[in-house]
Amino acid sequence: MLKQNLLIDCNIKAIKERLQTTLANIQFQKNVMIWDDEEKLEHCIMALEILQEEEKENNLLTNKIKTLCNILK
């Protein structure tokens, strides 16, 4: 659900490209950041937070699977 509200795809490549494009836009605007640049940066941060949370969930699941495997040995 959170991903649906983002202006970018929630993956490293898309975030990197959005950051590079936004930085280039700010430089083109003579280092002046306008509201949509700020919004794009905020969405990059949100996407990174989602990826971080997914990584934590994946690590928890991996640890549970390892524990189950050890119990079954």
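Residues numbered from 1 in each chain as written. Predicted model: local features only at pLDDT ≥ 70, side-chain atom pairs only at ≥ 80, totals over all residues. Heavy atoms only, no water.

Focus: the pattern of salt bridges
Under the counting rule described, the total for this entry stands at 1 salt bridge. Linking D36 and K40 is a salt bridge whose minimum nitrogen-to-oxygen distance equals 3.5 Å. Highlighted residues: D36 and K40, both in helix α2 (residues 35–72), separated by 4 residues, approximately one helical turn. Grouping residues by exposure puts D36 and K40 together as buried. (Salt bridge = Lys/Arg side-chain N within 4 Å of Asp/Glu carboxyl O. Helix = DSSP H or I, 4+ residues; strand = E, 2+ residues; numbered from the N terminus. Buried < 20%, exposed > 50% of the residue type's maximum accessible area, 1.4 Å probe, protein only.)

Things to note about a nonpolar patch on the surface
A cluster of nonpolar side chains, contributed by V32, I34 and W35, occupies part of the molecular surface with about 330 Å² of accessible area. Relative to the assigned elements, W35 resides in helix α2. The class of W35 is exposed, set by a relative accessible area of 64%. (Patch = residues over 30% accessible without salt bridge, like charges linked within 9 Å, V, L, I, M, F, W, Y side chains within 5 Å. Areas by Shrake-Rupley, 256 points an atom, 1.4 Å probe, with all protein chains shown as cover.)

Here we look at α2
In this model, α2 (38 residues) spans 56 Å end to end at C-alpha, consistent with the 56 Å of a helix rising 1.5 Å per residue. D36, D37, K40, H43, C44, A47 and I50 are the residues of α2 that are buried. Packing partners of the buried residues in α2 comprise α1 (12–28). (Expected span 1.5 Å × (residues − 1). Contact = heavy atoms within 4.5 Å.)

Some details on α1
For α1, with 17 residues, the first-to-last C-alpha span of 24 Å sits near the 24 Å given by 1.5 Å per residue. Summarising the contacts, the buried residues of α1 are in contact with α2. Capping the start of α1, N11 holds a side-chain oxygen 3.2 Å from the backbone nitrogen of K13, two or three residues further along. A positive backbone phi angle near 55 degrees is found at K30, which sits one or two residues after α1. (Polar contact = N/O pair within 3.5 Å; in protein donor to acceptor, adjacent residues only side chain to side chain.)

Focus: the packing of α1 against α2
Packing of α1 against α2 brings their axes to within 10 Å, and their N-to-C directions diverge by 160 degrees. Taken together, the axes of α1 and α2 are roughly antiparallel relative to one another. Crossing of α1 over α2 shows left-handed handedness. Contacts between α1 and α2 involve I12, I15, R18, L19, T22, N25 and I26 from the first element and D37, K40, L41, C44, A47, L48 and L51 from the second. (Axes fitted to C-alpha atoms, helices over the stretch in contact; angles between N-to-C directions. Parallel < 35°, antiparallel > 145°, perpendicular 65-115°, else oblique. Left-handed = near helix turned anticlockwise from the far one by under 90°.)

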